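Fold and geometry: a report
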Amino acid sequence: MSDDANLTDFAGRGDGAAEADDDGASDPEDGALGPDDGANPDDATDAEPETPTFTYTSTPDGAECAACGTTVEKRWYAGEDGTAENPDLDPDALVCPDCKVW
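Residues numbered from 1 in each chain as written. Predicted model: local features only at pLDDT ≥ 70, side-chain atom pairs only at ≥ 80, totals over all residues. Heavy atoms only, no water.

**Considering the packing of aromatic side chains**
Per the stated rule, a full pass over the model turns up one aromatic pair. Judged by centre distance (5.0 Å) and plane angle (25°), the ring pair of Tyr56 and Trp76 falls under stacked. With Tyr56 in strand β1 (residues 56–64) and Trp76 in strand β2 (residues 71–77), the pair connects residues that are 20 residues apart, well separated along the chain. (Phe/Tyr/Trp six-rings, centres within 6.5 Å; stacked < 30°, edge-to-face > 60°. Helix = DSSP H or I, 4+ residues; strand = E, 2+ residues; numbered from the N terminus.)

**Examining the sheet that holds strand β3 (residues 94–95)**
Judged by pairing direction, the sheet is antiparallel, and its three strands sit side by side in the order β1-β2-β3 without closing on themselves. Pairing within the sheet leaves two strands with one partner each, and these edge strands are β1 and β3. Judged from the two bridges that link them, β2 and β3 form a sheet pairing that is antiparallel. Of the residues in β3, the one forming a bridge with Tyr77 is Leu94. (Pairing = 2+ DSSP bridges.)

**Structural notes on the pairing of β1**
Summarising the sheet, β1 and β2 pair through five bridges and their orientation is antiparallel. When the bridges of β2 are listed, Thr57 appears paired with Arg75. Count of turn residues in the β1/β2 antiparallel hairpin: six residues, of which Gly69 carries a positive phi of about 85°.

As structure tokens, then:
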């Protein structure tokens, strides 16, 4: 005898799964999704996924912090808040972790 089992071997075990009628249809009253419920591949949008936004960069040889001038390997984008010392700093400026407003 094989260890393989068919899905029908597990029908009616009372584990909360939908029980099928004799014709194989699920009872809509049990809360289970039927063949027409849930996600429909035809409903997918043609929109492109968002491009990830990088928040920091690493320069092995070091690069200058736009706020304090210190040479560091890792710099983060200043963001909308700028830095503690310079809140008007360009959001795209790369700053060291000491200058970054977290």
